[in-house]
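Spelled out, the chains give:
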Amino acid sequence: MNSLEQAEDLKAFERRLTEYISCLQPATGRWRMILIVVSVCTATGAWNWLIDPETQKVSFFTSLWNHPFFTISCITLIGLFFAGIHKRVVAPSIIAARCRTVLAEYNMSCDDTGKLILKPRPHVQ
């Protein structure tokens, strides 16, 4: 394979990688917004739950029953983590890191957007 074909292959790989990572960005942004909203709701509900004087006087489950906003948002947050939201909010970074691991064997790397970085060849003496 001559150097022109290799360059074309590298350009095609880079285009496909940048396309794939850029396609993940809108979904990643939505998942981040969902996580932020649910986290803020859970924190707000927790604050209201903790400052309520009745919380100390009743049982734990009664306390949760008295604060449905906190209970629902907490269950939602736990459900989101079981569904894998912690992976979805960093999906492009995971893809780029895995590509860097594979590309390191070929003296290359890539940035977070998928652009290839060619490293100088090591000199063998």
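Bear in mind the structure is a predicted one, so any value in this text is a computation, not a measurement.

Enquirer: Please give an account of the packing of helix α1 (residues 3–51) against helix α3 (residues 68–82) that cites residues and values.
Expert: Running from N to C, α1 and α3 cross one another at 145°; their axes reach a closest spacing of 8 Å. Where α1 crosses over α3, the handedness of that crossing is left-handed. Only Phe69, Phe70, Ser73, Cys74, Thr76, Leu77, Leu80 and Phe81 of α3 make contact with α1, whose side of the interface consists of Trp31, Ile34, Leu35, Val38, Ser39, Cys41, Thr42, Thr44, Gly45, Ala46 and Trp49. Looking at side-chain class alone, the contact of α1 with α3 contains 13 nonpolar, six polar and no charged residues.

Enquirer: Tell me about the packing of aromatic side chains, residues and numbers included.
Expert: For the coordinates displayed, the defined rule picks out three aromatic pairs. Geometrically, the ring pair formed by Trp49 and Phe70 is stacked, given 4.9 Å between the ring centres and 15° between the ring planes. One end of the pair, Trp49, is in helix α1; the other, Phe70, is in helix α3, with 21 residues separating them in the sequence. Owing to a relative accessible area of 15%, Trp49 belongs among the buried residues under this scheme. For Phe70, a relative accessible area of 10% corresponds to the buried category.

The rules behind these values
- Residues numbered from 1 in each chain as written.
- Predicted model: local features only at pLDDT ≥ 70, side-chain atom pairs only at ≥ 80, totals over all residues.
- Heavy atoms only, no water.
- Axes fitted to C-alpha atoms, helices over the stretch in contact; angles between N-to-C directions.
- Helix = DSSP H or I, 4+ residues; strand = E, 2+ residues; numbered from the N terminus.
- Left-handed = near helix turned anticlockwise from the far one by under 90°.
- Contact = heavy atoms within 4.5 Å.
- Nonpolar A, V, L, I, M, F, W, Y, C, P; charged D, E, K, R; others polar.
- Phe/Tyr/Trp six-rings, centres within 6.5 Å; stacked < 30°, edge-to-face > 60°.
- Buried < 20%, exposed > 50% of the residue type's maximum accessible area, 1.4 Å probe, protein only.

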